[in-house]
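If you want the building blocks of each chain, they are given just below.
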Amino acid sequence: NELERQSALLKGEHSGTICISTLDSIETETALSLPVVLRSFSDKFPNVHIKLIIRTPAEQLNGVLNNHIDLAIGSYNSRVHNIISEPLYREQHWLYCSDLHPMFFSRHLDKELISQCPLVTRSYWNTSDLRRRGFSKGSATVETVDAQLLLILSGKYIGYLPEHYAWPWIKENRLRVLLPNEFGFQSPFSAICKRGRSNEPYLKEFRNLLKKNTVARPKWSE
């Protein structure tokens, strides 16, 4: 794909394939107008084939390093050598229970009691991530936010969800936020690409469009 792109650019043409990766549930994020970005990119490069894939943060990093992914949008715990990271926005997360969970109708919520409840966690969260959020371990593991929501809705687990993703369920009174001042946090999202590739025309344009269509949020005070 890279050889095809470079050959086309030398000829003054714009063709080939660009592979973009995001995390799941990003479609409801209001801080980033990704559909607008994709539309604008396609308008400028109508002959470039867009490959849009959903991957975990670890898969994104490996894909960028191996040139299988040209640009990824996600949240990463640490810096990686040979990766350029450009901050975009911070995604708000709250701790939720469903209307089938015993705490849903509780008038007085206790932090210690909540921290002992069965928690559904994501496979790419490590022990330090959980401890930082007040939990010693998870009782169920998922790969996607969709799967996490299903387990929370079962009433057997509590769990974190992005605010923008959980909002429709909040409006229907199916989810409740648990002690936001104690358990809320923000996850920083960035656009990453491999070092040495950031000025390639397609990547440069996509990065510029991301910056133009991102609204930064203030940091949540945990």
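Anything mentioned here points back to the structure above.
My aim in this report is to walk through the structure given alongside it, one point at a time. Quick caveat, the model's predicted, so the values are computed rather than measured. All chains use their own residue numbering, which begins from 1 and follows the written sequence. Local features in a predicted model are, by the rule used here, given only for residues with pLDDT of at least 70; side-chain atom pairs are given and counted only at 80 or more, and totals for whole chains, interfaces and linings are based on all residues. Side-chain measures here rest on the full set of heavy atoms in the structure, leaving out hydrogens and waters.

**Details of the packing of aromatic side chains**
Item 1. Pairing of aromatic rings covers Phe, Tyr and Trp, the last through its six-membered ring, and needs centres within 6.5 Å; plane angles under 30 degrees mean stacked, over 60 mean edge-to-face, and all others mean tilted. Under the counting rule described, the total for this entry stands at 10 aromatic pairs.
Item 2. A ring pair is formed by Trp125 and Phe185, whose centres lie 6.4 Å apart and whose planes are at 70°; its orientation type is edge-to-face. One end of the pair, Trp125, is in the loop between strand 5 (119-122) and helix 5 (127-132); the other, Phe185, is in strand 9 (residues 185-194), and 60 residues separate them in sequence.
Item 3. Exposure remark for Trp125: the relative accessible area of 13% places this residue in the buried category.
Item 4. We call a residue buried when its accessible area falls under 20% of the maximum for its residue type, exposed when it is over 50%, and partly exposed in between, using a 1.4 Å probe and counting protein chains only. You can call Phe185 buried: its relative accessible area is 4%.
Item 5. One aromatic cluster in this structure is built from Phe41, Phe45, Tyr202 and Phe206.
Item 6. Counted as over-ring charges are cases with an Arg CZ or a Lys NZ within 6 Å of the ring centre that also lie within 35 degrees of the ring normal. Arg133 extends its terminal NZ or CZ atom over the ring of Trp125, reaching a point 4.6 Å from the ring centre.
Item 7. Here the basic side chain of Arg133 rests over the ring of Phe185, its NZ or CZ set 3.9 Å away from the ring centre. Only DSSP runs of H or I with at least four residues qualify as helices, and only runs of E with at least two residues qualify as strands; both kinds are numbered from the N terminus onward.

**Remarks on helix 3 (residues 57-65)**
Item 1. Every buried residue of helix 3 is accounted for by Pro57, Gln60, Leu61, Gly63 and Val64. Looking straight down helix 3, one finds that the buried residues subtend no more than 165° of arc, so they occupy a single side.
Item 2. Structurally, helix 3 contributes buried residues whose contacts are with strand 1 (16-22), strand 3 (71-74), strand 4 (83-98) and strand 9.
Item 3. Of the residues flanking the end of helix 3, it is Asn67, one or two places downstream, whose phi is positive at about 65°. This arc corresponds to the set of directions leading from the helix axis out to the C-beta atoms. For this analysis, residues touch if any pair of their heavy atoms sits within 4.5 Å.

**Things to note about the pairing of strand 1**
Item 1. Within strand 1, 7 of the 7 residues are buried, which leaves the element mostly enclosed by the surrounding structure.
Item 2. Where burial is concerned, the two faces of strand 1 agree: the one with Gly16, Ile18, Ile20 and Thr22 and the one with Thr17, Cys19 and Ser21 are both buried.
Item 3. When strand 1 meets strand 2 (residues 48-54), the two strands line up parallel, connected through 7 bridges. Bridge pairing in strand 2 links Thr17 to His49.
Item 4. A clockwise course of the path from the first strand over the helix to the second, judged with the strands pointing away from the viewer, identifies a crossover as right-handed. Where the polypeptide runs from strand 1 across helix 2 (residues 34-44) and back to strand 2, its parallel neighbour, the crossover connection is right-handed.
Item 5. A pair of strands is treated as paired once DSSP finds two or more bridges between them. Alignment of strand 1 against strand 3, held across 3 bridges, turns out to be parallel. Its bridge partner lying in strand 3, Thr22 is registered against Ile73.

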